[in-house]
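Residue-level listing of the chains:
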Amino acid sequence: MELIFRWEWLPQLGKGLVLTVELTAACISIGAVLGLILAIARLYGRNVVYWLASAYVQFFRGTPLLVQLFMVHFGLAGWGIRLSPLFSGIIAMGLNTAAYQAEYFRGAIQAVKRGQALAALSLGMTRWQTIRYVILPQALRLVLPAWSTELVYMLKYTSIVYLIGLPDLMGIGRTIASHNFRFFEIYAVVALIYLALVLLITFALRYVEARIRVPGLGTVR
Amino acid sequence: MALLVVEDLHKRYGKEEVLRGVSFVLERGETKVIIGPSGTGKSTLLRCINRLTEPDRGRIWLNGVEVTSPRTNIYKIRAQIGFVFQDFNLFTHLTALDNVRLGLIRVKGMGKREATERAMRELERVGLGDKADAYPAQLSGGQQQRVSIARALAMDPKLILFDEPTSALDPELIGEVLQVMIELAEGGMTMLVVTHEMGFARSVADEIIFMEKGVIVEQGPPEVLFTNPRVPRTAEFLRKITEFYGESG
Amino acid sequence: MTAVDWQNLVQGIPSLLRGLLVNLEILFGLIALGFAVGILIALIQVYSPRPLSALAVGYEWFFRGVPEMVLLMLIYFGLRQFRVGITPFIAAVIALGLRSSAYQSQIFRGAIQAVGRRQMMAALSVGMTRLQAIRHVILPQALRLSIPPWSNEFSSVLKDTTLASAIGVIEVFKKARFIMGRNYALALPIFMVVALFFLFLTYAGNWALGALERRYRIPGFEAKGAGERF
């Protein structure tokens, strides 16, 4: 049993890595925007708004991402709505992470002390000004640790998109392996690249956390 | 016309009736102190005045404008009423300067430079010009409360409501906050103060309101209330609280 | 959808349910493996000396950082490359189980630390050995504290069992793909049915764990922020 390694794998895997990073960035951004809206809807919305946002969160958190991806890509196509694999991947994963991020945001907003809102209102701020200038700046700092966990989760989860034909890091690895049958070596290299990326993200976000840190504003882990 | 008129205010939380018909009047430049056992609706009363809590019944006028009318822009009203909280409620993510500036910029629409100058003046007025860049967590309780007073002052309020401003403070820090409040009263600010500091009440208040179980039991000038109250309950409460907290402060 | 489509959809459901049974088998296998290894790793991290505990930290870090999909491939195809006979089912249980052990160890570690040193000292002071103290004092408390974060991990791995389809396990998602392959008009409804299965299982699982937590609740002993939210 001998292990082999070929340098020419790396440039190919590098292309896949770029797609993986792009996918992660796209879906996490969509998820952040939508998640924030959902969190606010669940906290401050009434009746239909609250109900819809809650149902959304329950559905996307309660069902497998793989199933969601196939619903978007093949399910919609079956009904005449054809999306490119890239678009399907971004949409499905963006919708998914939005549900999780919504819960983090909600928790963080609730962790901001009630007196903060009272003080803002007592100055004559409107509800939206209070949320925008007092609640969110604190909640976003509080949410960062949980949010970086979610980012790592999504980075890893993008590896399922090869199933709808996207040449991401995982997909490229699979293609190379299926030609030379060195499954173990190639997947080990792929695993190490993912690990390096996770490490990079973790440290980058810790740096950001330290930069925007405010004395006395604890983080909820 | 009186600056603040409160008429027959009622508020209940579930089964508990916290305010049961409270009425009083506050003239310009006047300082009134509300005293009474805890849990008798004093804080609720203050919060009803700028409608941080919605009263169930009763009416309030500020400077002739009905605060309780649904047509009134409550945000404009709140900008004219300063509020100083028991636990300060400084914005945790902002420096002292930004705490004072936020309302000026976002509510009054003031330019950044003008707001900075104004905020610095208020911080200096409460003796904290050198702490402008400190975050709330880096300040002592007394300093935090002085910043929160500066925050209220910066808005040019017609009236400031103080909700037990010293009861979250260590005894040695109470004095600095009371000193600021005394200066305000002497400068002609209209103030409504809920407090247990009898020394302050006695020396600064134009009138004292004694509340119990959601109603005003007795009100009058401090000399009268402290020496010769009409109602026996008032005398009993004053005796107890003086024993408990002492007269100093 | 035509009447025939509806008929095909309904006819497909028994087959889906048989597939779901396989998901549950994987689930129990991986949870059991993840639980056993997870506790072991947590105990090593908290109680063993430096070189061993650093190794345990590295283990946790590796299995938390590599995507499930890559782990599945690495273990199934990787082992077969070296002529280790392994079925897709077993490979899925091992890959997903080891991944889960890393997450579970983090939960248990947090809970053990939340129980605190004083409980350990009290146990030692009545003459227990360290092992006895862990067995009779620390773990009974830590496991109770672990239930809420553990139920998050449970619903997470429940959904991840569908990933086993990627190495050829014929479970519910694979079955749904078969049905979709015969008739693309059925894609959306068939995956909707699968989604509903998982919603039901998630609720059932959370309900059962909630019942478990209430059953073993001790007055005055509540979980306070143990573990990670996700």
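A.B. asks: How would you summarise the interface of chain A and chain B if you had to cite specific residues and measurements?
C.D. replies: Of the residues lining the interface, 22 residues belong to chain A; the matching set on chain B comes to 23 residues. Summing both partners gives a buried area of about 2000 Å² for chain A against chain B, and 67% of it is carried by carbon and sulfur. Viewed at the interface, chain B and chain A are joined by 0 salt bridges. At the boundary of chain A and chain B, one finds 7 residue pairs in polar contact (both at pLDDT 80 or more).

A.B. asks: Explain the pattern of salt bridges to me, using residue names and the numbers behind them.
C.D. replies: Residues and elements named next belong to chain B. Inspection of every chain in the model, using the stated rule, returns 20 salt bridges over all chains. Close ionic contact of D98 with R101 constitutes a salt bridge, the shortest N to O distance being 2.4 Å. Of the two residues, D98 and R101 are both situated in helix α3 (residues 96–106); the distance of 3 residues between them amounts to about one turn of the helix. Overall, the relative accessible area of 11% leaves R101 in the buried class. By sharing partners, the salt bridges in this structure join R118, E122, R125 and D156 into a single network.

A.B. asks: I'd like a description of the sheet that holds strand β4 (residues 57–62) of chain B, backed by residues and values.
C.D. replies: Residues and elements named next belong to chain B. Pairing in this open sheet of 4 strands is antiparallel, and the strands run β2-β1-β4-β5 from one edge to the other. At either end of the open sheet lies a strand with only one pairing partner, and these are β2 (16–26) and β5 (65–66). As judged from the 5 bridges shared by strand β1 (residues 4–13) and β4, these two strands associate in the antiparallel manner. Note that in β4 the partner of V5 across the bridge is W61. Its contacts with the sheet place helix α1 (residues 42–49) against β1, β2 and β4, and it is angled at close to 60° to β2.

A.B. asks: Outline the packing of aromatic side chains, listing residues and values.
C.D. replies: Under the criterion given, the structure shown has 21 aromatic pairs over all chains. Measuring from ring centre to ring centre gives 4.6 Å for B:F83 and B:F85, while their planes differ by 35°; the resulting arrangement is tilted. No difference in accessibility class separates B:F83 from B:F85, as the two residues are buried. By way of ring pairs, the aromatic residues A:F70, A:F74, C:F173, C:Y184 and C:F191 are connected into one cluster.

A.B. asks: A description of the confidence of the model for chain A should follow, citing residues and the corresponding values.
C.D. replies: Averaged over every residue, the pLDDT of chain A is 93; the share at 70 or more is 98%. Helix α4 (residues 85–111) of chain A holds the highest mean pLDDT among the elements of chain A, 96, whereas helix α7 (residues 169–180) of chain A holds the lowest, 93.

A.B. asks: Just give me the short version of the sheet that holds strand β7 (residues 159–163) of chain B, but keep the residues and values in it.
C.D. replies: In any sheet, the strands associate via hydrogen bonds between backbone groups, in a parallel or an antiparallel arrangement. Residues and elements named next belong to chain B. Strand order across the open sheet formed by 6 strands is β6-β7-β8-β3-β9-β10, with mixed pairing between neighbours. Lying at the two open borders of the sheet, with one neighbouring strand each, are β6 (81–84) and β10 (215–220). Direction aside, neighbouring strands of the sheet carry axes that sit 15° apart on average. Pairing of β6 with β7, which is carried by 4 bridges, proceeds in the parallel orientation. For G82, the partnering residue across the bridge sits in β7 and is I160. Its contacts with the sheet put helix α9 (residues 232–245) on β3 (31–35), β9 (207–212) and β10, and the angle it makes with β9 is roughly 100°.

A.B. asks: Describe the environment of B:G187, naming the residues involved and giving the relevant values.
C.D. replies: All names here are of chain B. By the secondary structure assignment, G187 is in the loop between α6 (171–186) and β8 (191–194). Here G187 falls in the exposed class, since its relative accessible area comes to 65%. For G187 and G29, which are 158 residues apart along the polypeptide, the C-alpha to C-alpha distance reads 8.5 Å.

A.B. asks: Kindly report on the packing of α3(B) against helix α5 (residues 141–154) of chain B, identifying the contributing residues and their values.
C.D. replies: Residues and elements named next belong to chain B. Here α3 crosses α5 at 25°, and the two axes come no closer than 8 Å. Accordingly, the angle class assigned to the pair α3 and α5 is roughly parallel. Of the two elements, α3 crosses α5, and the hand of that crossing is right-handed. Contacts between α3 and α5 involve A96, N99, V100 and L104 from the former and V147, A150, R151 and A154 from the latter. Taken together, the residues of the contact of α3 with α5 break down into 6 nonpolar, 1 polar and 1 charged.

A.B. asks: Give a description of the nonpolar core that names residues and reports values.
C.D. replies: Within the largest apolar cluster, 148 residues are counted, with the highest numbers of intra-cluster contacts made by A:L13, A:F70, C:L16, C:M69 and C:F191. Residue contributions to this core peak at 15 residues, all from helix α6 (residues 127–157) of chain A. Membership of the second largest hydrophobic core comes to 90 residues, among which are B:L52, B:V177, B:V204 and B:I209.

A.B. asks: Give a description of the interface of chain A and chain C that names residues and reports values.
C.D. replies: Between chain A and chain C, the contact holds 45 residues from the first and 44 residues from the second. For chain A, the biggest contributors to the area lost against chain C are A:Y153, A:K156 and A:L195; these three give 14% of the whole. Across the chain A-chain C interface, the total number found is 0 salt bridges. The tally of links between chain A and chain C comes to 10 residue pairs in polar contact (both at pLDDT 80 or more). Secondary structure elements with two or more residues in the side of chain A that touches chain C: α2 (47–62), α3 (65–78), α4, α6, α7 and α8 (183–211) of chain A. With 11 residues, α8(A) is the single largest residue contributor to the side of chain A that touches chain C.

A.B. asks: Can you tell me about the side chain of A:E150, naming the residues and giving the values?
C.D. replies: Residue and element names in this part refer to chain A. Examined against the element boundaries, E150 turns out to sit in helix α6. Despite its burial, E150 remains without a salt bridge, the nearest opposite charge being carried by R61 at 7.5 Å. Setting aside chain neighbours within four positions, we find E150 in contact with I28, T97, Y100, Q101 and Y104.

A.B. asks: Describe a nonpolar patch on the surface, and please don't skip the residues or the numbers.
C.D. replies: Residues A:V48, A:Y50, A:W51 and A:L52 make up a contiguous nonpolar surface patch of about 460 Å² in total accessible area. Tracing the backbone shows A:L52 in helix α2.

A.B. asks: How would you summarise α6(A) if you had to cite specific residues and measurements?
C.D. replies: Residues and elements named next belong to chain A. Here α6 contains 31 residues, and its C-alpha end-to-end distance of 37 Å is more than 12% below the 45 Å for a straight helix at 1.5 Å per residue. Along its length, α6 shows its largest kink, about 50°, at L144, and proline P145 lies within four residues downstream of that point. The element α6 is largely enclosed, with a buried count of 26 among its 31 residues.

Reading the values: the criteria
Residues numbered from 1 in each chain as written. Chains lettered and ligands numbered in written order. Predicted model: local features only at pLDDT ≥ 70, side-chain atom pairs only at ≥ 80, totals over all residues. Heavy atoms only, no water. Contact = heavy atoms within 4.5 Å. Buried area = accessible area lost by both parts, 1.4 Å probe. Salt bridge = Lys/Arg side-chain N within 4 Å of Asp/Glu carboxyl O. Polar contact = N/O pair within 3.5 Å; in protein donor to acceptor, adjacent residues only side chain to side chain. Helix = DSSP H or I, 4+ residues; strand = E, 2+ residues; numbered from the N terminus. Buried < 20%, exposed > 50% of the residue type's maximum accessible area, 1.4 Å probe, protein only. Pairing = 2+ DSSP bridges. Axes fitted to C-alpha atoms, helices over the stretch in contact; angles between N-to-C directions. Phe/Tyr/Trp six-rings, centres within 6.5 Å; stacked < 30°, edge-to-face > 60°. pLDDT = per-residue confidence, 0-100. Parallel < 35°, antiparallel > 145°, perpendicular 65-115°, else oblique. Left-handed = near helix turned anticlockwise from the far one by under 90°. Nonpolar A, V, L, I, M, F, W, Y, C, P; charged D, E, K, R; others polar. Core = buried A, V, L, I, M, F, W, Y, C linked by side-chain atoms within 4.5 Å. Lys, Arg positive; Asp, Glu negative; His and termini not counted. Patch = residues over 30% accessible without salt bridge, like charges linked within 9 Å, V, L, I, M, F, W, Y side chains within 5 Å. Areas by Shrake-Rupley, 256 points an atom, 1.4 Å probe, with all protein chains shown as cover. Expected span 1.5 Å × (residues − 1). Bend = angle between axes of the 7 residues up to and from the residue.

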